[in-house]
Amino acid sequence: MESLVANAQAINRLLARYGVKFGIYKNNEFIEQLFPFDPVPRVISAEEFEILEQGLKQRVNALNAFLKDIYTDKKIIKDGVVPDNFVFSSSGFLPECDNFVPPAGVFSHISGIDLVQADSGEWFILEDNLRIPSGASYPLIARKLSRRASPETFKHNKVDNNADYGRLLAHSMQSVNPGGLSVILTPGRYNSAFFEHSYLAEVTGFPLVMPNDLFVEENKLYIRTQQGGKALVGAIYRRISDEYLDPLTFNPESLIGVPGIMSAYLAGNLAIVNAPGNGVADDKGTYYFVPKMIEYYLNEKPILHNAPTYLPMYREDMEYCLDNIHKLVIKDVAEAGGYGVLFGKDMDEATLAEWRQKIQDEPRRFILQEVINFIDLPVLDGETTVPRKADLRAYVVSSADKTDVWHCGLTRFSRVPDSFVVNSSQGGGFKDTWVMSR
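Parameters at a glance
- Once a new chain begins, its residue numbering starts again from 1 and follows that chain's sequence as written.
- The model is predicted, so local features are restricted to residues of pLDDT at least 70 and side-chain atom pairs to those at 80 or more, both for listing and for counting; the totals for chains, interfaces and linings are taken over all residues.
- Water and hydrogen atoms were dropped before computing side-chain values, which therefore reflect all heavy atoms in the structure.
- Secondary structure elements are defined from DSSP: runs of H or I of at least 4 residues count as helices, runs of E of at least 2 residues count as strands, and each element is numbered from the N terminus.
- It is over C-alpha atoms that the radius of gyration is taken, and the globule rule equals 2.2 Å times the number of residues to the power 0.38.
- To sort residues, take the accessible area from a 1.4 Å probe on protein chains only and compare it with the maximum for the residue type: under 20% means buried, over 50% means exposed, and anything in between is partly exposed.
- At least two DSSP bridges between two strands are needed for those strands to be called paired.
- In this scheme Phe, Tyr and Trp rings, the latter by its six-membered ring, pair at centre separations within 6.5 Å, and the angle between planes marks the pair as stacked below 30 degrees, edge-to-face above 60, and tilted otherwise.
- For a ring to carry a charge above it, either NZ of a lysine or CZ of an arginine must fall within 6 Å of the ring centroid while also lying within 35 degrees of the normal to the ring plane.
- In plain words, nonpolar cores are sets of buried Ala, Val, Leu, Ile, Met, Phe, Trp, Tyr and Cys residues tied together by side-chain atoms within 4.5 Å.
- Axis lines are fitted to C-alpha atoms, over the contacting stretch for helices. Their N-to-C directions set the angle, which ranges from 0 to 180 degrees.
- Every angle not falling under 35 degrees, over 145, or within 65 to 115 is termed oblique; those three ranges are roughly parallel, roughly antiparallel and roughly perpendicular.
- A contact between two residues is defined here by any heavy atoms of the two lying within 4.5 Å.
- Put simply, a salt bridge is a Lys or Arg side-chain nitrogen that is within 4 Å of an Asp or Glu carboxyl oxygen.

Right, let's talk about the overall build of the protein chain for a bit. When you go through the protein chain residue by residue, the secondary structure sums to 15 helices and 21 strands. Computed over C-alpha atoms, the radius of gyration of the protein chain comes to 22 Å, within 12% of the 22 Å expected from 2.2 N^0.38 for 438 residues, which places it in the range of a compact globule. Overall, the C-alpha framework of the protein chain stretches about 60 × 60 × 45 Å when taken along its three principal axes. Counting the 438 residues in the protein chain, one finds 56% classified as buried.

Right, here's the structure in full:
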């Protein structure tokens, strides 16, 4: 481990050279910044990860069942488990996808599930990311460079190999592909996850394409070949938000979408990874109902639990939130990336009063949660380490025939002492996640 730590700066220089950066738009300006890598890994024992694996598979299987149900029979609404106005008022619900099931019935092919470990040792789910979750490429390439910098570290530590992520993703895409090539779609160099797109194309062996490489003809998607011809595309990994995916169906001003791609999708001729419309299931408000989904669809008790969460649209929850707002976390269900997260403990009485009124005025817009005092991990600071809050994004890959949990994950940490916000868009860094072999 000493040699790995000693090579930290060299590894970060290589990551920068390879373009391992994170880009964000702030004040209408594209800002690209390094995503700092800390060489001290998060270590999870084989026994502990086995429990996480079971719980993550269970959760994603229930969420996939929910998506299929919501876009077809809507039984969970008819049975009164989830309110109908709650689902249909979600900005993530797409009426254009109603009564349609994607190829092989898989909606969320790649699920990024965010967890934290409390100081009690118990793991809690903080958030489900089912639209276009990113980040798997960072620990993937960091591990590759770490092995190169310090091979002896991995000789003396029995760590599960994480190099199979490309194989898992490729299998998922091929398993739902109704016929044609599988491709990785990037909107271009100035997308925040451009490095990831290019790296995933490398590890899957699939072509990296841009929107102007693709066109739709007779409800089928094609790629233009170098010889001036065309080749059929059957599965596409995309990192373009639903509203920009097809200017003929959604936002007509989109310049990064593919005109007509939704017609190919809705005709059953194309698998889109992840499926359009998944936002209804990773809405922060929908999160409240996931434990009930597990019991409803799988007839099982949840293995992993939500953070204690309150939905102000329910009177009892509203009363609790108003009385205890000073010690709760407030989350705007429409925000992501660490934005729209506020802590009551940081507010004065006047601000708390304003937020009580906002919550009463828009009870569907917010959830409130108890603060989980999640553990600190050691982060290198010069020649010593300092404690920093850290979460874990686990990756669950769903195929036509199985659900896999990647034996790794993206551990993100705050670079600010005592801060609970670890998102890369908020200036955090990342670690490799070691799942120990049996």
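All right, on to the pairing of strand 10 (residues 230-238) then. Sheet topology places strand 6 (residues 181-185) next to strand 10; five bridges connect them, and they run parallel. Note on strand 10: the bridge partner recorded for I184 is Y237. Where strand 9 (residues 220-224) meets strand 10, four bridges bridge the pair, whose relative direction is antiparallel. Among the inter-strand pairings, R224 is bridged to a residue of strand 10, identified as K230. Bridge count between strand 10 and strand 11 (residues 271-273): three bridges; the pairing is parallel.

Each aromatic ring pair is specified by the distance between its two centres and by the angle formed by the two planes. Summed over all chains, the structure comprises 22 aromatic pairs. Ring geometry for Y288 and F289: centres 5.1 Å apart, planes at 75°, overall edge-to-face. Given a relative accessible area of 18%, Y288 falls into the buried group. Ring pairs connect the aromatic residues F35, F37, Y138, F195, Y199 and F430, which therefore count as one cluster. Sitting above the plane of the Y222 ring, K230 keeps its charged end 4.5 Å from the centroid. Over the face of the ring belonging to F374 we find K389, whose NZ or CZ atom lies 5.8 Å from the ring centre.

A few words now on the nonpolar core. If you look at the biggest cluster of nonpolar residues, it comprises 47 residues, and the most contacted ones within it are I70, Y71, L214, I236 and I261. When residues of this core are assigned to their parent elements, the largest contribution, five residues, is made by helix 3 (residues 46-70).

Now for the packing of helix 8 (residues 165-176) against helix 9 (residues 194-204). Packing of helix 8 against helix 9 brings their axes to within 8 Å, and their N-to-C directions diverge by 85°. By the angle between their axes, helix 8 is roughly perpendicular relative to helix 9. In this structure, helix 8 contributes Y165, G166, L169 and A170 to the contact, and helix 9 contributes L200, V203 and T204.

To continue, consider the pattern of salt bridges. In this structure the tally under the stated criterion is 19 salt bridges. For R59, the salt bridge identified is with D128, shortest N-O distance 2.7 Å. Of this pair, R59 sits in helix 3 while D128 sits in strand 5 (residues 123-129), and the two are 69 residues apart along the sequence. Considered together, R59 and D128 belong to a single accessibility category, that of buried residues. Note that K74 and D98 form a salt bridge whose closest N and O atoms lie 2.7 Å from each other. Taken together, the residues span a long stretch of sequence, with K74 in the loop between helix 3 and helix 4 (75-78) and D98 in the loop between helix 5 (84-88) and strand 4 (110-117) at a distance of 24 residues. Judged by its relative accessible area of 14%, K74 is buried. Assessed through its relative accessible area of 28%, D98 is described here as partly exposed.

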